[in-house]
Amino acid sequence: MLTQAQDKKTENPATKEANTLTEEIEVVRPYKPVLADAVKIRRNPDMDKQKPFKPVLSYSIIDKKLELNSNIKELQAQKMEDERASILSNNFVKLGAGNFNTAQGEIYVNSGSDEALQTGAYFKHLSQKGNLDHQQFSNQEMGIFGRTIGNSYAASGNLKYDRNSFFYYGFDPTSAVAPDMSKQRNNIISAEAEIISNYTESPVLNYAANIKAYQFNTIADAKESSVILSGSLNKDLSSFNVGLNASADLTSTKDVSYEIKNNILKANPYLTFKGDLYKLKLGANIVQELGTNTRLNIFPSVSAEFAILPGYANIFAKVNGDVLKTSLSEIALENPFLNENIGIKNSLEKINVEAGLNGNVGATFGYKIMAFYKNIENMPLFMNNSTKINRFDVIYDQGQSSVFGLEGEVNIKASDVFEIGGKAQIFNYELATESEAWFKPNFRLISNAKAQVNQKLYLNAELLFQGETKAKVNSTPGEFKASTLKSFMDLSAGAEYKVNKKIGVYLRANNIMGQSYQRYLFYPKMGLTLFGGLNYSF
């Protein structure tokens, strides 16, 4: 590219017109651009020269422990809403009726839900009248009770009254003599108080004290009064437990023709050794009889238990002896059809040996199997009176009687809504003077079951089977013969349906097989008994 330089010349404006511009350009040479040489600074950086950096530091110490938490953080459960406190029904009323003029009534009253203090009262009535002449009875029971639990002790007490009214309705169908079917009434007033220490692993002495008293009388002149004081002390030492059980039984029995003082003092010192697989108890039972009869006896009191399969099976054995008190009130409870002036004599259980196997299979099945042998002096038995055939005397097998037996027991809880249990017993008697163990069976089976069908329907059943027994009868003056009472099975069942939380209906059937069996000679039981009614909780 060629560029030319120009020289501009301007004419004198005076020679031109005022609005005319004249300009002359003279080209001197062509334009040639030239770029001057650059001036470079020859300076390289010095890589070895470093300027030190000295920062100003300040320190502070924190007073805090450094925790290293490398575990997985625990999850926090979501808090649930507080449940509404359930309203408990502390009071209960039951009213029912059925065949055989059955009338039933029950009422229970309780103070409330305070676990530390419980008080209450109850009343029960049951009466029936059978098809036989004077086959009727009525029973009333009432009582009050209380219980309190402290920090170191628990105390309880109760007061009861029991009234049992009936007739001597038994008769010999082969006899032409009219029996005496007069009325009888047994009354017993009893009271009990107890205080025990709460269990603790500290070296403090554990204790328990109890007092029982009762007054028993019949419609005639038979009376019995008793006061029983008992207590226990035990203390855990380094490798064993030492303890003492003691009691004082002060009893007076009075009838038309006699009055007997029957006092018994007992002391049972012992040592207990425990391990992971065993428990051993060594002691003695010292018994002193005072009153009309005086006698001192000392018996062994030894027991042992070993786990052969811990948690499932244990073998056990026990050897002891005792004085068995004959009490008018207990005999009348077993057989109410007693004669006047029954004999009162304590029995002497010289030795009682038991051995067997027990255990559990989980929480649903428990069992016990054992054999036993007893040697008893003056074993009490019942016999029909020779004059009043429908009343019973108490006789004693004079001498040494032996009882050998087997016993089995199972309890099955299949679920929270069904459970069943039972006990079977076999007895073999060898008597000193009597030919038979009168009114004592050789076999007995007792069983019960409970089931909850749903939230409203509940079922229960009981079974009693007893083998044949022998009765001693005075056929002619001075002569006795044995009469056989057949074996029997008494099956009972009941059902309850809850209409709502407060109201329910129930139905009960006793002696479903309808057997008019005899537990005691000349006293047949009622047949099938049906009764039912309503219950109310509040």
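Residues numbered from 1 in each chain as written. Predicted model: local features only at pLDDT ≥ 70, side-chain atom pairs only at ≥ 80, totals over all residues. Heavy atoms only, no water.

Regarding the overall build of the protein
Counting its secondary structure elements, the protein contains 1 helix and 28 strands. When the accessible area of the protein is evaluated, it comes to approximately 35000 Å², of which 57% is carbon and sulfur surface. (Helix = DSSP H or I, 4+ residues; strand = E, 2+ residues; numbered from the N terminus. Areas by Shrake-Rupley, 256 points an atom, 1.4 Å probe, with all protein chains shown as cover.)

Brief notes about the packing of aromatic side chains
Tallied over the full model, the rule gives 20 aromatic pairs. Their ring planes at 85° and their centres at 6.1 Å tell us that Tyr-169 and Phe-337 sit as a pair that is edge-to-face. With a gap of 168 residues between them, Tyr-169 in the loop between strand 7 (153-167) and strand 8 (183-197) and Phe-337 in the loop between helix 1 (328-334) and strand 16 (347-361) connect regions that are remote in the sequence. With 5.6 Å between their ring centres and 80° between their planes, Phe-392 and Phe-439 make a pair best called edge-to-face. With Phe-392 in strand 18 (residues 392-415) and Phe-439 in the loop between strand 19 (418-430) and strand 20 (443-452), the pair connects residues that are 47 residues apart, well separated along the chain. Like Phe-392, the residue Phe-439 is buried in the burial classification. (Phe/Tyr/Trp six-rings, centres within 6.5 Å; stacked < 30°, edge-to-face > 60°. Buried < 20%, exposed > 50% of the residue type's maximum accessible area, 1.4 Å probe, protein only.)

As for the side chain of Gln-425
Structurally, the position occupied by Gln-425 is in strand 19. For Gln-425, a relative accessible area of 13% gives the class buried. Reaching out from Gln-425, the side chain makes a polar contact with the side chain of Glu-407 at a distance of 3.2 Å. With near-sequence residues (within four places) excluded, Gln-425 lies in contact with Leu-406, Glu-407, Asn-442, Phe-443 and Arg-444. (Polar contact = N/O pair within 3.5 Å; in protein donor to acceptor, adjacent residues only side chain to side chain. Contact = heavy atoms within 4.5 Å.)

Remarks on the pattern of salt bridges
Overall, the coordinates contain 10 salt bridges when judged by the stated rule. Residue Lys-350 is joined to Glu-377 by a salt bridge in which the shortest nitrogen-to-oxygen separation is 3.4 Å. Of this pair, Lys-350 sits in strand 16 while Glu-377 sits in strand 17 (residues 365-384), placing them 27 residues apart in sequence. One connected set of salt bridges, linked through shared partners, spans Glu-289, Arg-295, Lys-350 and Glu-377. (Salt bridge = Lys/Arg side-chain N within 4 Å of Asp/Glu carboxyl O.)

Some thoughts on the environment of Ile-389
By the secondary structure assignment, Ile-389 is in the loop between strand 17 and strand 18. Classification of Ile-389 by relative accessible area gives buried; the value is 16%. Separated by 50 residues in sequence, Ile-389 and Asn-339 have C-alpha atoms that sit 9.7 Å apart. Leave out the neighbours within four places in its chain, and Ile-389 touches Asp-172, Asn-384, Val-473 and Phe-522.

Here we look at the environment of Leu-464
Summarising the element assignment, Leu-464 is placed in strand 21 (residues 457-466). In sequence terms Leu-464 and Leu-445 are 19 residues apart; their C-alpha atoms lie 5.8 Å from each other. Residues in contact with Leu-464, not counting those within four places in the same chain, are Arg-444, Leu-445, Ile-446, Phe-488, Met-489 and Asp-490.

Points about the nonpolar core
In terms of nonpolar packing, the biggest core is built from 41 residues, with Phe-337, Leu-338, Ile-342, Phe-382, Phe-392, Phe-439 and Leu-521 touching the most fellow members. At 7 residues, strand 17 tops the list of elements feeding residues into this core. (Core = buried A, V, L, I, M, F, W, Y, C linked by side-chain atoms within 4.5 Å.)

Here we look at the pairing of strand 13 (residues 278-291)
For strand 12 (residues 259-274) and strand 13, the ladder comprises 11 bridges, and the chain directions are antiparallel. Across the sheet, the residue bridging to Leu-271 is Leu-282, located in strand 13. The turn joining strand 12 and strand 13, which pair antiparallel and follow one another in sequence, is formed by 3 residues. In this sheet, strand 14 (residues 295-309) lies alongside strand 13 in antiparallel orientation, the contact comprising 12 bridges. Residue pairing for strand 14: Ala-284 is matched across the bridge by Pro-300. (Pairing = 2+ DSSP bridges.)

Points about the confidence of the model for the protein
Close reading of the predicted structure is inappropriate where its pLDDT is low. For the protein, the average pLDDT comes to 89, and 88% of its residues sit at 70 or higher. Here residues 1-7 is modelled with pLDDT under 50, and outside its nearest four sequence neighbours on either side it reaches 19 contacts, counting other chains as well. (pLDDT = per-residue confidence, 0-100.)

Observations concerning the side chain of Asn-535
Relative to the assigned elements, Asn-535 resides in strand 28 (residues 529-537). Owing to a relative accessible area of 5%, Asn-535 belongs among the buried residues under this scheme. A polar contact of 3.3 Å, which involves the side chain of Asn-535, links it to the side chain of Glu-496. Among all residues touching Asn-535, those that are not within four sequence positions of it are Phe-92, Val-93, Lys-94, Glu-496, Lys-502, Ile-503, Gly-504 and Tyr-506.

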